[in-house]
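One-letter residues, chain by chain:
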Amino acid sequence: MPRPRKCRKVCAMPRSNRFVPLYGGCSEEIVMTVDEYETIRLIDLAGYTQEECAAQMEVARTTVQGVYNEARHKVAEALVYGKMLTIAGGDYDLCEGSANPCGKKCHTFCCKKEQAKER
Ligand SMILES: [Zn+2]
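Attention in this report is confined to the structure presented alongside it. (Residues numbered from 1 in each chain as written. Predicted model: local features only at pLDDT ≥ 70, side-chain atom pairs only at ≥ 80, totals over all residues.)

The next subject is the overall build of the protein chain. Helices and strands together make up the secondary structure of the protein chain, namely 4 helices and 5 strands. Secondary structure elements of the protein chain, listed N to C terminal, follow the sequence β-β-β-α-α-α-β-β-α. In the protein chain, which comprises 119 residues, the share counted as buried stands at 25%. Intrachain contacts of the protein chain at a sequence separation of at least 6 include 76% that bridge at least 24 residues. (Helix = DSSP H or I, 4+ residues; strand = E, 2+ residues; numbered from the N terminus. Buried ≥ 20, exposed ≤ 12 C-beta atoms within 10 Å, placed from the backbone. Contact = placed C-beta atoms within 7 Å.)

Following this line, the structure appears as structure tokens:
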């Protein structure tokens, strides 16, 4: 029997899951999974190390490293080529509204400073 894939803990869905260039975009679309998005949020925005990010998402650090690298590559492609970016799918368990949230403000995030104070 195949081993079930371990779900990655994600605090909340992104405020917007579709990003489209205003000018000069190309018609291709990139799909970033929700767990990939969460690594960008935790590492690039909230300042977590990969170890801290792995603990928060309840997966191994090597797993986070792979997910994060993939996420960064997708962001780069969207920025450089003007591709549309959609955030959808992936293996994850949502904190928000679950029976056992992680307790770190598991809600949809606001753009006002909140991120820095989260820890
Ligand atoms: Zn949470």
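Read on for the rest.
On to the sheet that holds strand β2 (residues 18-19). Across the sheet, which stays open at both edges, the 3 strands sit in the order β2-β4-β3 with mixed pairing between neighbours. Each edge of the open sheet is held by one strand with a lone partner, namely β2 and β3 (29-32). (Pairing = 2+ DSSP bridges.)

Turning our eyes to something else, we now look at the nonpolar core. M32, Y37, C53, A54, M57, V64 and A71 are the most contacted members of the largest nonpolar core, which totals 17 residues. Looking at this core, the elements with two or more residues in it are α1 (34-45), α2 (50-57), α3 (61-81) and β4 (84-87). Take this core: its biggest share by element is 5 residues, from α3. With near-sequence residues (within four places) excluded, A54 lies in contact with V59, A60, R61, T63 and V64. (Core = buried A, V, L, I, M, F, W, Y, C linked by C-beta atoms within 7 Å.)

On to the pairing of β4, then. A regular strand places its side chains so that they alternate between the two faces of the sheet. The alternating pattern of β4 places L85 and I87 on a buried face, while none of M84 and T86, on the opposite face, is buried. Across 2 bridges, the pairing between β2 and β4 is antiparallel. Paired with R18 across the strands is T86, a residue of β4. Relative to β4, β3 runs parallel, the two sharing 4 bridges. Each bridged residue has a counterpart across the sheet, and for E29 the counterpart in β4 is M84.

Along its 21 residues, α3 runs 30 Å from first to last C-alpha, staying within 8% of the 30 Å computed at 1.5 Å per residue. Summarising the contacts, the buried residues of α3 are in contact with β2, β3, α1, α2 and β4. Two residues or fewer after α3 comes G82, characterised by a positive phi angle close to 70°. (Expected span 1.5 Å × (residues − 1).)

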